[in-house]
Amino acid sequence: MHKIATTVVDWRAIREDFPILHEQAHGHPLIYFDSAATSQKPRAVIDALRRYYEHENANVHRGLHTLSSRATEAYEKSRQRVAEYIGAASADEIVFTRGTTESINLVAQAWGGRFIGGGDVILLTEMEHHSNLVPWQLLAERTGAKLRFVPVLDDGTLDLQKLPSLLTSEVKLFAFTYISNSLGTINPVAELCAKAHAIGALTLVDAAQSIGHLPLDVRDLGCDFLAFSGHKMCGPTGIGALYGRAEILDSMPPWHGGGEMIVIVTLEKSAFKKAPHRFEAGTPNIAGAIGLAAAIDYIERIGRPAIFEHDSTLARYAAERLTELPGTRVFGPNEERGALVGFVMDAAHPHDLTTFADQYGLALRGGHHCNQPLMRRFGVSGTTRASFYFYNTTEEIDRMIEILRDAVRFFS
Ligand code: 7TS
């Protein structure tokens, strides 16, 4: 399904690009297995932020002075860089947002507010993060639209046999995640988009867990919207993007009003800029956008095919080794999985397990991972999750297994 890596990468040398990996926790070397929540940042990104504040900082699109031109140029260059990174036709298809959550809320409010009414259906899946669920619940409450859900099978994949009965002519949008943040499932995005388009529905892809992990091209996927966060792909927090196909963004009204997004304002009325500026009211996260472009440069130097191979190999290895531990249930598909593994152990509650692991420097995440309906579907209140990135190693996974073995002994 994904291209095989052709370059040989020195993964150990890459660890040295991440200053935080030298930290200790409770006197132990840090093992950071929480990159699905947020990734760590390489020096190249930290330096880009510093360079911006030391040499370019000014507000964008406003001043005619040198620094303002520098800042505007760097900000707009970053938009172009994001467009190239995801294969968009133009930088005008990229709206900077605070992240995935804000991108999805933008679509739900601006597009949904104009095009969704009573009787329409938004199709989602049972594995959506709350940020691709709650905005649609709010829209449904406002408009009388209905929500439908593609069920999840026991192996953590979508029940695609149910799709024909769910994807009917009332469906106006099919919004789904590329990779599940709790199961690691990689959904067949291009196939789902094609099926939605066949009945005239638009598609929104939540790329939060895929954007930094695999090659991704919006035109190959055939999606209409794509949402992601910079902080899960080596970028700073507080910056992300919404991709929207040009004619769709052009058809959408603004959602936030304020400076930067207008052409002319009278006391009574305003005329708005074109997309994407129409959707970026107020001073944007300029440094964040510049940091995000630096993250893209950094990731592309390594290569996304190599990163995908590395991360999914780690995840499969971890899933396999976890089955050695007594009373352990691993979630998600066996063959192909994204860079994470969720599990529960009879020995201890995910919160206790995570607290135990932290005593040994191991950063896991325990809880519902903003996937409460999915947890309910699997009959658990939460899971423990280990999530990986290209700076992690198999030795770290071996150490995790030792620590979890100790946890079984401790709690029993
Ligand atoms: N969608 C998915 C699939 C996610 O995994 C997340 C964050 C979001 C949306 C929201 O992204 P944000 O940057 O707007 O917050 N997921 C997680 C997680 O799994 N643990 O912490 C955050």
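Everything numeric here is computed off the predicted structure, so don't read it as measured data.

### So, the overall build of the protein chain
A tally of regular secondary structure across the protein chain gives 14 helices and 17 strands. What you see for the protein chain is a C-alpha radius of gyration of 22 Å, in line with the 22 Å of a compact globule of 412 residues. With the principal axes as the frame, the protein chain shows a C-alpha extent of 70 × 55 × 40 Å. By element, 52% of the accessible surface of the protein chain is carried by carbon and sulfur atoms, the whole surface being about 17100 Å². In the protein chain, 40 positive and 48 negative side-chain charges are present, and the distance between their average locations comes to 4 Å.

### Observations concerning the site of the ligand
Around the ligand lies a shell of 16 residues, among which Thr101, Asp206, Gln209, Ser229 and Arg385 are the nearest. A distance of 2.5 Å is found between a nitrogen atom of the ligand and a side-chain nitrogen or oxygen belonging to Asp206. Side-chain polar atom of Ser229 to an oxygen atom of the ligand: 2.7 Å apart, as the coordinates give it. About the coverage of the ligand: the protein hides 87% of its 490 Å² of free accessible area. Partitioned by chemical class, the residues of the shell around the ligand number three nonpolar, nine polar and four charged. The two domains that each donate at least three residues to the shell around the ligand are domain 1 (11-41 + 303-411) and domain 2 (46-300).

### Concerning the pairing of strand 9 (residues 225-229)
Consecutive side chains along a regular strand alternate between the two faces of the sheet. Among the five residues in strand 9, five count as buried, and that is most of the element. The alternating pattern of strand 9 places Phe225, Ala227 and Ser229 and Leu226 and Phe228 on opposite faces, both of which are buried. Note: strand 9 against strand 10 (residues 240-244), five bridges, orientation antiparallel. Paired with Leu226 across the strands is Tyr243, a residue of strand 10.

### Some remarks on the domain arrangement of the protein chain
Its domain assignment divides the protein chain into domain 1 (11-41 + 303-411) and domain 2 (46-300). One C-alpha centre belongs to domain 1, the other to domain 2; they are set 28 Å apart. The interface of domain 1 with domain 2 comprises 39 residues on the first partner and 38 residues on the second. Between domain 1 and domain 2 lies a buried interface of about 3100 Å² when both sides are counted; carbon and sulfur atoms form 54% of it. Three residues, Lys41, Arg304 and Arg377, lead the burial of domain 1 against domain 2; their summed loss comes to 23% of the area buried on that side. Seen at the junction of domain 1 and domain 2, the total is two salt bridges. In this structure, Asp154 engages Arg377 in a salt bridge whose closest nitrogen and oxygen atoms are separated by 2.6 Å. Remark: the boundary between domain 1 and domain 2 carries 29 residue pairs in polar contact (both at pLDDT 80 or more). For the side of domain 1 that touches domain 2, the residue count by class is 20 nonpolar, 11 polar and eight charged.

### Focus on the pattern of salt bridges
On inspection of all chains with the given rule, the structure shows 24 salt bridges. With a closest N to O distance of 3.0 Å, Asp159 and Lys162 form a salt bridge. With a relative accessible area of 9%, Asp159 lands in the buried category. The partly exposed category is assigned to Lys162, whose relative accessible area is 40%.

### Brief notes about the sheet that holds strand 14 (residues 340-345)
Taken in spatial order, the four strands make up an open sheet running 13-14-17-16, and their pairing is antiparallel. Each edge of the open sheet carries a strand with a single partner, namely strand 13 (328-331) and strand 16 (365-367). Taking the axes of each pair of neighbouring strands and ignoring which way they run, one obtains an average angle of 30° across the sheet. Examined bridge by bridge, strand 16 and strand 17 (residues 383-387) share three bridges and lie antiparallel to one another. Paired with Gly366 across the two strands is Thr384, which belongs to strand 17. Contacts from helix 12 (residues 350-358) reach strand 14, strand 16 and strand 17, with the element oriented near 160° to strand 16.

### Points about helix 2 (residues 43-55)
A rise of 1.5 Å per residue sets the reference length of helix 2, with its 13 residues, at 18 Å; its end C-alpha atoms lie 18 Å apart and thus fit the reference within 8%. Every buried residue of helix 2 is listed here: Val45, Ala48 and Tyr52. For helix 2, the buried positions fall inside an angular range of 55° around the axis, keeping them on one side. With respect to the buried face of helix 2, the exposed residues turned more than 90 degrees away are Arg50 and Tyr53.

### Some remarks on the nonpolar core
In this structure, Ile86, Leu216, Leu226, Phe228 and Phe390 are the most contacted members of the largest nonpolar core, which totals 81 residues. Broken down by element, the residue count for this core peaks at 11 residues, all from helix 10 (residues 286-302). Both domains that furnish three or more residues to this core are identified here as domain 1 (11-41 + 303-411) and domain 2 (46-300). Phe390 has contacts with Trp11, Ile14, Phe18, Cys234, Tyr298, Ile302, Ile307, His310 and Asp311, leaving out every residue within four places of it along the chain. Grouped together as the second largest cluster of nonpolar side chains are 27 residues, Ile122, Trp136, Ala175 and Leu249 included.

### A closer look at empty space enclosed by the protein
The full count for this structure, using the stated rule, is three cavities of 30 Å³ or more. Computed from the structure, the largest cavity encloses a volume of approximately 50 Å³. What lines the largest cavity is simply Ser35, Ala36, Ile179, Gln209, His213, Ala339, Leu340, Ser387 and Phe388. A per-class count over the lining of the largest cavity returns five nonpolar, four polar and no charged. For the lining of the largest cavity, the domains that each give at least three residues are domain 1 (11-41 + 303-411) and domain 2 (46-300).

Definitions and cut-offs
- Residues numbered from 1 in each chain as written.
- Predicted model: local features only at pLDDT ≥ 70, side-chain atom pairs only at ≥ 80, totals over all residues.
- Heavy atoms only, no water.
- Helix = DSSP H or I, 4+ residues; strand = E, 2+ residues; numbered from the N terminus.
- Rg over C-alpha atoms; globule rule 2.2 N^0.38 Å.
- Areas by Shrake-Rupley, 256 points an atom, 1.4 Å probe, with all protein chains shown as cover.
- Lys, Arg positive; Asp, Glu negative; His and termini not counted.
- Charge placed at Lys NZ, Arg CZ, Asp CG, Glu CD.
- Near = heavy atom within 4 Å.
- Polar contact = N/O pair within 3.5 Å; in protein donor to acceptor, adjacent residues only side chain to side chain.
- Nonpolar A, V, L, I, M, F, W, Y, C, P; charged D, E, K, R; others polar.
- Domains from an automatic or database assignment.
- Buried < 20%, exposed > 50% of the residue type's maximum accessible area, 1.4 Å probe, protein only.
- Pairing = 2+ DSSP bridges.
- Contact = heavy atoms within 4.5 Å.
- Buried area = accessible area lost by both parts, 1.4 Å probe.
- Salt bridge = Lys/Arg side-chain N within 4 Å of Asp/Glu carboxyl O.
- Axes fitted to C-alpha atoms, helices over the stretch in contact; angles between N-to-C directions.
- Expected span 1.5 Å × (residues − 1).
- Arc of directions from axis to C-beta.
- Core = buried A, V, L, I, M, F, W, Y, C linked by side-chain atoms within 4.5 Å.
- 1 Å grid on protein atoms, 1.4 Å probe; cavity = no way out; pocket = protein on both sides within 12 Å on 5 of 7 lines; lining within 4 Å.
- Points joined across faces, edges and corners; volume = space filled by probe spheres on them.

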